[in-house]
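So you can see what is in the structure, the chains are spelled out below.
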Amino acid sequence: MPKHTTIAAPIDMSGGFSDFFATIGLTGGGLVTKGIAAVIAIIAVRMLLQLSSDPKTALRKGSTAIGVLFVAVILALYGSTLFSTVTSAQAG
């Protein structure tokens, strides 16, 4: 008779997407933040791919694209923390 080993505890996913995103640690705001960061990262990569052959212009536009990509990475990593302070502000 085979023994069954439980690898993970069962999770009730009857709530649909809200239950799924809660199990992976994303709320609606966190999902929106990751989506915005992904769009900004795509824009930065597109900026990098469209560099000109002139060295001075390419250096200026490339450094701008690297800066935009850095902002996208920071937003993806810490965006939910940054925006949670805005939404939980209280009127004095």
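Our structure is the block above this text.
In this report, we go over the structure that sits alongside the text. Just so you know, the residues in each chain are numbered from 1, in the order the chain's sequence is written. Local features are withheld for residues below a pLDDT of 70 in this predicted model, meaning they are given only at 70 or higher, and side-chain atom pairs are given and counted only at 80 or more; totals for whole chains, interfaces and linings count all residues. Side-chain descriptors were evaluated using all non-hydrogen atoms of the structure, hydrogens and water having been removed beforehand.

**Focus on the overall build of the chain**
The condition is simple: Elements are defined by DSSP. Helices are runs of H or I of four residues or more, strands are runs of E of two residues or more, and each kind is numbered from the N terminus. Here the term buried applies to any residue with accessible area under 20% of the maximum for its type, exposed to any over 50%, and partly exposed to those in between, with areas from a 1.4 Å probe on protein chains only. Any two residues whose heavy atoms approach within 4.5 Å at even a single point are treated as in contact. Working definition of accessibility: Shrake-Rupley area with a 1.4 Å probe, residue cover restricted to the visible protein chains.
Broken down by element type, the chain carries 3 helices and 0 strands. Along the chain direction, N to C, the helices and strands of the chain fall in the order α-α-α. Every one of the 92 residues in the chain was classed for burial, and the buried ones make up 12%. Sequence separation of 24 or more characterises 46% of the internal contacts of the chain that already satisfy a separation of 6 or more. Accessible area for the chain stands at about 7500 Å²; split by element, carbon and sulfur atoms hold 69% of it.

**Focus on a nonpolar patch on the surface**
Threshold: Surface patches are defined over residues having more than 30% relative accessible area and no salt bridge, joining like charges when they lie within 9 Å and nonpolar side chains (Val, Leu, Ile, Met, Phe, Trp, Tyr) when within 5 Å. Every case where a carboxyl oxygen of Asp or Glu lies within 4 Å of a side-chain nitrogen of Lys or Arg is listed as a salt bridge.
On the surface, Val-73, Leu-77, Tyr-78 and Leu-82 cluster together into a nonpolar patch covering about 410 Å² of accessible area. The residue Leu-77 is located in helix H3 (residues 55–87) in this model. A relative accessible area of 54% places Leu-77 in the exposed class.

**Observations regarding the environment of Leu-51**
Tracing the sequence through the fold places Leu-51 in the loop between helix H2 (28–49) and H3. Considering only alpha carbons, one finds Leu-51 and Ala-65, 14 residues apart in sequence, at a separation of 9.6 Å. In contact with Leu-51, not counting residues within four places along its chain, are Ala-58, Lys-61 and Gly-62.

**Quick look at the environment of Lys-34**
Within the element layout of this structure, Lys-34 appears in helix H2. Residues Lys-34 and Leu-77, spaced 43 residues apart in sequence, show a C-alpha to C-alpha distance of 8.5 Å.

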